[in-house]
Amino acid sequence: MVALETYMDVEELLCTLEAVRTVAGDIPVLASMTFGDTPGGIRTMWGLSPADVAGKLESAGVQAVGANCGMGSDIMLVVSQEMAGATSLPVAAQPNAGAPRMQDGVTVFDETPGQMAEYAVKFRDAGVKLLGGCCGSTPEYIAAAGKNLGL
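Residues numbered from 1 in each chain as written. Predicted model: local features only at pLDDT ≥ 70, side-chain atom pairs only at ≥ 80, totals over all residues. Heavy atoms only, no water.

A. Seen up close, the overall build of the protein. Across its full length, the protein holds 5 helices and 9 strands. What you see in the protein, going N to C, is helices and strands ordered as β-α-β-β-β-α-β-α-β-β-β-α-β-α. By the compact-globule yardstick of 15 Å for 151 residues, the protein fits well, its C-alpha radius of gyration being 15 Å. Along the three orthogonal principal directions, the C-alpha set of the protein runs to about 40 × 35 × 30 Å. Here the protein, with 151 residues, has 40% of them falling under the buried criterion. Pairs at least 24 apart in sequence give 70% of the contacts found in the protein among residues at least 6 apart. Of the charged side chains in the protein, 8 are positive and 17 negative, and the gap between their average positions amounts to 7 Å. (Helix = DSSP H or I, 4+ residues; strand = E, 2+ residues; numbered from the N terminus. Rg over C-alpha atoms; globule rule 2.2 N^0.38 Å. Buried < 20%, exposed > 50% of the residue type's maximum accessible area, 1.4 Å probe, protein only. Contact = heavy atoms within 4.5 Å. Lys, Arg positive; Asp, Glu negative; His and termini not counted. Charge placed at Lys NZ, Arg CZ, Asp CG, Glu CD.)

Written out as structure tokens, the structure is:
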């Protein structure tokens, strides 16, 4: 499987998908976008909702859709629920260890492994089939989530 992740523009992702198909044929593809919490709701940088993105990516023939980076588990859960409700494809979620913030010139993530682990069951219940972590997470975060899922 090829993972195309952290895209802000679905059209750019679709161009990359076309290139992958040209080079690698029908290799399975996970297509993952990043979203932000905007005044108009959770959207890509170009204004698409998670449901809009899931539909476009499913129509393009990917094997899994998802989101990663830019948000902690709380917002990622909402994104995942919307995507799962809009597609029959497996949904992936890779939240950051909280929303990144700067402190004394250093990027800090406030979500602890235990907090991320509390969301693991919520992600599963929301329809997420592939759960991981993005910026700020470490193997400790993944282990805590797995333990909470009984793995």
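B. The environment of Asp125, seen in detail. Tracing the chain through its elements places Asp125 in helix α4 (residues 113-125). Given a relative accessible area of 58%, Asp125 falls into the exposed group. As a C-alpha pair, Asp125 and Gln81 span 44 residues in sequence and 9.1 Å in three-dimensional space.

C. Inspection of the packing of aromatic side chains at higher detail. Under the definition given, this model contains 1 aromatic pair. A cation over a ring is seen here: Lys122 above Tyr119, with NZ or CZ 4.6 Å from the ring centre. (Phe/Tyr/Trp six-rings, centres within 6.5 Å; stacked < 30°, edge-to-face > 60°. Lys NZ or Arg CZ within 6 Å of the ring centre and 35° of its normal.)

D. How the structure looks around the sheet that holds strand β6 (residues 91-94). If you trace the 5 strands from one edge of the open sheet to the other, you get β1-β2-β5-β6-β9, paired in parallel fashion. Of all strands in the sheet, those with a lone pairing partner are β1 (2-7) and β9 (128-131), marking the two edges. Ignoring which end each strand starts from, the neighbouring axes of this sheet average 25 degrees apart. As paired strands, strand β2 (residues 29-33) and strand β5 (residues 64-68) are joined by 4 bridges and run parallel to one another. When the sheet's bridge partners are listed, Met33 is paired in β5 with Ala67. Against the sheet, helix α3 (residues 73-86) engages β5, β6 and β9, with an angle of about 170 degrees to β6. (Pairing = 2+ DSSP bridges. Axes fitted to C-alpha atoms, helices over the stretch in contact; angles between N-to-C directions.)

E. Geometry of the packing of α3 against α4. Relative to each other, α3 and α4 sit at 10 degrees, their axes nearing to 10 Å. With respect to α4, the element α3 is oriented roughly parallel. From α3, Ser73, Asp74, Met76, Leu77 and Ser80 reach across to α4, where they touch Met116, Tyr119, Lys122 and Phe123. Residues that form the contact of α3 with α4 fall into these classes: 5 nonpolar, 2 polar and 2 charged. (Parallel < 35°, antiparallel > 145°, perpendicular 65-115°, else oblique. Nonpolar A, V, L, I, M, F, W, Y, C, P; charged D, E, K, R; others polar.)

F. Seen up close, the pairing of β1. In this structure, β1 lies alongside β2, joined through 4 bridges in parallel fashion. Counted as the bridge partner of Val2 is Val29 from β2.

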